[in-house]
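# Examination of the molecular architecture
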Amino acid sequence: MQIEVLKQVNSARQARQAVVIVTDLPAGSTAVFTEGQPVPDGLRDVVGKALQTGKSGLAEADGAQVFLNVYLPPPRIVAIGAVHITQALARLAPMMNFDLSIIDPRTAFATPERFEGVDLIADWPEDVLKDRGLDAYTALVAVTHDPKIDDYPIADALRSRCFYVGALGSRKTHAKRIERLKEVGLSDEDISSIRAPIGLDIGASSPEEIALAIMAEIVQAFRRRPISGQSA
């Protein structure tokens, strides 16, 4: 890999941005595209598909054979609430290749015994997220049922353009949440992206089933997320 290409890739990875290296095999030329950067029309579809799937490989573009090397930031889940649902989610997330962090200031819930081997932070989300910023490759799952704990990270996730924002609660609970989020300056468009009720509708009732529904919805959102900057 050329040194300039390597620098671009390393810079993108440090910033948790996706990057695609496109090598024109007949010509031997190389182009690097960071997600959000304009892409020429002839490469738009193949680069967009590579960013969506995260898979490297051969493709046909503009009548030429190209090879695409894709580097996606490791997708992660930040769960607010050390509850039974997140205990089950902690078992599912690694199977789907998602990193998981759980944040809950309630030390009676956030104990190493209940979450062995999990990145668990027993502190207020607003304090934790100052140093652990959310981004477009993060899913935010809020399941405490306590607006004093859930509201700040939900608002932060919407402002950070997380690819998934889900919140536990009934429609009545969510209606009240919407009003609180409007009060802190979030738009109707922003708020409409919240998945509430959280998780795909599979008729889940147990914590394990709810965790499965959430995990499935996260995977769906990740694989169908819009890819920015796909026009030249």
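Conventions adopted
- Residues numbered from 1 in each chain as written.
- Predicted model: local features only at pLDDT ≥ 70, side-chain atom pairs only at ≥ 80, totals over all residues.
- Heavy atoms only, no water.
- Core = buried A, V, L, I, M, F, W, Y, C linked by side-chain atoms within 4.5 Å.
- Buried < 20%, exposed > 50% of the residue type's maximum accessible area, 1.4 Å probe, protein only.
- Helix = DSSP H or I, 4+ residues; strand = E, 2+ residues; numbered from the N terminus.
- Contact = heavy atoms within 4.5 Å.
- Pairing = 2+ DSSP bridges.
- Axes fitted to C-alpha atoms, helices over the stretch in contact; angles between N-to-C directions.
- 1 Å grid on protein atoms, 1.4 Å probe; cavity = no way out; pocket = protein on both sides within 12 Å on 5 of 7 lines; lining within 4 Å.
- Points joined across faces, edges and corners; volume = space filled by probe spheres on them.
- Nonpolar A, V, L, I, M, F, W, Y, C, P; charged D, E, K, R; others polar.

### Comments concerning the nonpolar core
The biggest cluster of nonpolar side chains holds 45 residues, and the ones touching the most others in it are V47, L68, I77, V141, Y164, I214 and I218. Considering each element in turn, this core owes the most residues, 7 residues, to helix α8 (residues 207-223). If sequence neighbours within four positions are ignored, Y164 has contacts with T138, A139, L140, V141, R195, I198, G199, I214, E217, I218 and A221. Counting residues in each nonpolar core, the second largest holds 21 residues, with A142, I154, A167 and I191 among its members.

### Re the sheet that holds strand β3 (residues 57-61)
By way of backbone hydrogen bonds, the strands of a sheet pair with one another, either parallel or antiparallel. One open sheet accounts for 4 strands, arranged β2-β1-β4-β3; its pairing is antiparallel. If you trace the sheet from one side to the other, it starts and ends with β2 (29-34) and β3, each paired once. The sheet shows a mean angle of 30° between the axes of neighbouring strands, taken without regard to direction.

### Things to note about the layout of surface pockets
Estimates place the volume of the largest pocket at around 600 Å³. A136, R161, C162, F163 and P226 are the residues nearest the centre of the largest pocket, which is lined by 25 residues in total. Among the elements of the structure, α5 (147-159), β9 (164-167), α7 (188-192) and α8 are those that each provide at least two residues to the lining of the largest pocket. When grouped by side-chain class, the residues that make up the lining of the largest pocket number 12 nonpolar, 4 polar and 9 charged. In this model, the second largest pocket occupies a volume close to 160 Å³. Forming the walls of the second largest pocket are V46, K49, A50, T53, K55, S56, G57, L58, A59 and L68. The set of elements that each furnish at least two residues to the lining of the second largest pocket consists of α2 (41-53) and β3. For the lining of the second largest pocket, the element with the highest residue contribution is α2, accounting for 4 residues. Of the residues assigned to the lining of the second largest pocket, the class counts are 5 nonpolar, 3 polar and 2 charged.

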